[in-house]
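Reading the structure
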Amino acid sequence: MKTENIYLVWAHPRRDSLTAHIVDEIRRQSTSRQMKVTELDLYRRNVNPVMMQEDEPDWQDSTKRYTPDVHSLFAEMQGHDTLVVVFPVWWYSFPAILKGYLDRVWNNGLAYGDGHKLPVTKIRWVALVGGEGKSFIEMGWEKNMTDYLVNMCSYLGIEDAEVTFLFDTLSAKPEHFPLLFSQVQEMVNAL
Ligand SMILES: Cc1cc2nc3c(=O)[nH]c(=O)nc-3n(C[C@H](O)[C@H](O)[C@H](O)COP(=O)(O)O)c2cc1C
């Protein structure tokens, strides 16, 4: 089914970063194709990434109430058919604020466990990679991160999951950047 509503989650400390411009492009392209976009800018929303005891899953009780923050962030995602997550690759992984959001909000009894799943049908990850594609692929990072992200989605009940890598984000060549923008336009066009 074609995407109608996107929940766009992203992580970057700077609102003028390349990551933020990529997010803007995804929103612009989606809106121009009549998709609605709700955005969760993890940094500007001051999302707390630190899992404390109150938000720790109780494996014996999937109805556990977590902190209000967790339930309201999870509820925000509901009513969207597609989740798009944009992040810079830091140490071949997520920025801590995004990891903590996943730990706390995609929690047992909400996003998985006891028949629960993430409340979307599609997930698209957009990962900005400082290094060049060739070495990233040769070293196995593309496969490693894709397997990790796609299998995580499967655990959360979502089989339609894909990862778009935007390589060479620290490139000195200005002519490289239109390629990255066209990659995300194509990602949106295929939703
Ligand atoms: C803490 C940190 C860790 C990083 N780790 C990696 C890495 O593991 N691999 C990589 O290719 N680039 C890495 N980078 C480079 C970022 O991926 C790059 O800065 C980002 O994609 C550029 O987008 P931005 O201008 O929006 O920050 C790292 C950058 C930072 C700040």
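Everything quoted here is computed from the prediction, not taken from an experiment. (Residues numbered from 1 in each chain as written. Predicted model: local features only at pLDDT ≥ 70, side-chain atom pairs only at ≥ 80, totals over all residues.)

1. Some remarks on the overall build of the protein
A tally of helices and strands in the protein yields six helices and five strands. Start at the N end of the protein and walk to the C end: the helices and strands fall as β-α-β-α-β-α-β-α-α-β-α. Relative to its length of 191 residues, the protein is compact, with a C-alpha radius of gyration of 17 Å against a globular reference of 16 Å. The buried share of the protein, taken over its 191 residues, is 29%. (Helix = DSSP H or I, 4+ residues; strand = E, 2+ residues; numbered from the N terminus. Rg over C-alpha atoms; globule rule 2.2 N^0.38 Å. Buried ≥ 20, exposed ≤ 12 C-beta atoms within 10 Å, placed from the backbone.)

2. Some thoughts on the nonpolar core
One finds Ile 22, Val 86 and Val 126 to be the most contacted residues of the largest nonpolar core, which totals 42 residues. Contacts of Val 126, omitting those with residues within four sequence positions, involve Ile 22, Val 84, Val 86, Thr 164, Leu 166, Val 184 and Met 187. (Core = buried A, V, L, I, M, F, W, Y, C linked by C-beta atoms within 7 Å. Contact = placed C-beta atoms within 7 Å.)

3. Brief notes about the sheet that holds strand β1 (residues 5-10)
As a general point, the strands of a sheet are linked pairwise by backbone hydrogen bonds and lie either parallel or antiparallel. Taking strand neighbours across the sheet as the criterion, the five strands line up as β2-β1-β3-β4-β5 in an open arrangement whose pairing is parallel. The open sheet is flanked by β2 (36-41) and β5 (160-166), the only strands paired with a single partner. Here the average twist between neighbouring strands, direction ignored, is 15 degrees. Across the sheet, helix α6 (residues 177-189) is in contact with β4 (122-128) and β5; its angle to β5 comes to roughly 170 degrees. (Pairing = 2+ DSSP bridges. Axes fitted to C-alpha atoms, helices over the stretch in contact; angles between N-to-C directions.)

4. Topic: the environment of Met 35
Structurally, Met 35 is set in the loop between α1 (18-32) and β2. Separated by 133 residues in sequence, Met 35 and Asp 168 have C-alpha atoms that sit 29 Å apart. Leave out the neighbours within four places in its chain, and Met 35 touches Thr 3, Glu 4, Asn 5, Ile 6 and Ser 30.

5. Here's the deal with α1
Over its 15 residues, α1 runs 21 Å from end to end, which matches the ideal 21 Å to within 8%, given 1.5 Å per residue. For α1, the set of buried residues is Thr 19, Ile 22, Val 23, Ile 26 and Ser 30. Projection of α1 onto a plane perpendicular to its axis shows the buried side chains occupying an angular sector of 100 degrees, all on one side. Buried residues in α1 make contact with β1, β2, β3 (82-88), β4, β5 and α6. (Expected span 1.5 Å × (residues − 1). Arc of directions from axis to C-beta.)

6. Things to note about the UniProt feature "domain: Flavodoxin-like fold" (unreviewed entry) in the protein
Annotation from UniProt places "domain: Flavodoxin-like fold" (unreviewed entry) at residues 5-174. Split by type, residues 5-174 is 33% helix and 19% strand. Its first and last C-alpha atoms lie 32 Å apart. (UniProt positions renumbered as here; feature names shortened; annotations may be inferred.)

7. A word on the environment of Glu 4
For Glu 4, the position within the fold is in the segment before β1. Using a count of 12 C-beta atoms within 10 Å as the deciding quantity, one classes Glu 4 as exposed. Measuring from C-alpha to C-alpha, the distance between Glu 4 and Glu 186 comes to 16 Å, with 182 residues separating the pair along the chain. When sequence neighbours within four positions are dropped, the list of residues in contact with Glu 4 reads Met 35, Lys 36 and Asp 81.

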